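# Close look at the chain arrangement
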Amino acid sequence: MKSVPLLVVGEIIVDFTTARPGADCKLRLGGIVHAARGLWASGMPYAVAAVCPRYLLDQARKFLKAHGCVDFVWLGEVTGAPNVIVIGDATEVSHQGYQDLLREEKSVEIQDVADALRIYPEVLVFPGSYDIAYIKRLFSPAARYSFDIAYDAEDFSVLEGFLGHINAVIISTSSPLFLTKGSDDIDPMLEDVRRLEPEVFLLKENRGGSRVFKIGTGESDHVPAQLSSTVNSVGVGDVYSAVMVGFGTDQWREAAWRGAMAATAYSQTTFPDDFRKEVSRSQKLSFDELRDLGGTVLPWHARPLFQIYLAAPDFSYVEKPEVDRAVEALRYHNFLVRRPIEENGELPLGSDPALLQLTFRSDVALLRECKAVFAVPLTRDPGTLVEMGIAIERDQPVITFDPRNENNNTMVSGGSATYSDDLDTCLNGLFVAISKLWMKSQP
């Protein structure tokens, strides 16, 4: 772990999470403040070079000082927009519905910081609405950089000016850049990264864990995810990046595991003190003990190979927001969802018996093609329950999301690999089940 402060560069944003059932609205400092919380909780020294509106300065300085920040430099002033993001869904089950208020009106004016940033040998940059190539001149010529390019970067070429000075390049599967460059095939994205000559490349794959690539040697390693109830997913990836980089560049493998554990803790609470206590507990574990914890590994690109059969009253005439939400979440996580009613047709009531038999056989054939079943029985729907029974008899994992609590009986809950009225729990269950299938398929 470093003794010299890590300089964190990026925007400070206000996160406003709208109310959800059972939870109030929540307002807190976000952006690079998430990364700062991770470093503070891990006991790692850090400084901040912040891009933010003037009205946030005093509050940001005070908060960060109270959470371990040894130096605060106002790098850039945001004008034309409040730097407020409205978050419609703060749990990672689907697209999170971020709304960056007045984003199109936003501009950044870089401040005169003189030589304030030249004392920092290592810099972690979160790109934003500012020119990262322009600010390079503010740092020492010997500085080394790590970049988390989840957002606000259209291409890896934005990092070319830092060639020869890059420690780590970090991206997540939720990044628009990843979806453009690496969603279908990771090789073209890896080739772009290799041209930048970083020491390491980290691909964060949400509930499926992450992959660490050592660019110089070609080695790679899987870092499992520790799945539990997701209270919050906002800023979780920032915490991962900050703790990994803060841990030390000479031991990337362990650093990634430490970052992943801190990120897991951050996903379980929005209260900093509780977060810090959990991180402190995990830090007492040795690297070997961390690895012995195991976890879930399911690479992004492997997920479509394990097709998911949707057992649900997926009819056009049924009000089924829970089904639609589940499908959106599955697709968000890159699962290939097979919907029998879409593929084999929706039969009207009173259909000819021969047509009913044909459709039944087609649905069963489709079920056999799939590796698991994601069931959403909105009512005691006989079709859904029959599909679940067939799958259970065939030893296919059945994940049952029962949002209306209509089917909590022994045969359903006992026969399901996971049964819950909570979608987050069911997604975790699906990842665990498919991860086991994927690991069995590995040589």
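Placed above this text is the structure.
Only a predicted model underlies this, so the values are computations on that prediction, with no experimental measurement involved.

### Digging into the pattern of salt bridges
Inspection of every chain in the model, using the stated rule, returns 21 salt bridges. Taking the shortest distance from any N to any O, the salt bridge between Arg-195 and Asp-192 comes out at 2.6 Å. Taken as a pair, Arg-195 and Asp-192 lie in helix α5 (residues 186–195) at a separation of 3 residues, close to a single helical turn. By relative accessible area, Asp-192 is classed as buried at 18%. One salt bridge in this structure joins Asp-314 and Arg-339, with 2.9 Å as the shortest N-O distance. Here Asp-314 is found in the loop between β14 (308–311) and α10 (321–332), whereas its partner Arg-339 is found in the loop between β15 (337–338) and α11 (340–344), with 25 residues between them in sequence. Assessed through its relative accessible area of 9%, Arg-339 is described here as buried. If you follow the salt bridges from partner to partner, you end up with Asp-314, Lys-320, Asp-324, Arg-339 and Glu-342 in one network.

### Some points on the sheet that holds strand β18 (residues 418–420)
Taken together, 5 strands build an open sheet; the order of strands is β15-β14-β16-β17-β18 and the sheet is parallel. A single partner strand is all that each edge strand has here, and the edge strands are β15 and β18. Pairing between strand β17 (residues 398–401) and β18: 3 bridges, direction parallel. What sits directly across from Thr-400, in β18, is Tyr-419. Where helix α13 (residues 382–393) meets the sheet, it contacts β14, β16 (372–375) and β17, and its direction lies at approximately 155° from that of β17.

Conventions adopted
- Residues numbered from 1 in each chain as written.
- Predicted model: local features only at pLDDT ≥ 70, side-chain atom pairs only at ≥ 80, totals over all residues.
- Heavy atoms only, no water.
- Salt bridge = Lys/Arg side-chain N within 4 Å of Asp/Glu carboxyl O.
- Helix = DSSP H or I, 4+ residues; strand = E, 2+ residues; numbered from the N terminus.
- Buried < 20%, exposed > 50% of the residue type's maximum accessible area, 1.4 Å probe, protein only.
- Pairing = 2+ DSSP bridges.
- Contact = heavy atoms within 4.5 Å.
- Axes fitted to C-alpha atoms, helices over the stretch in contact; angles between N-to-C directions.

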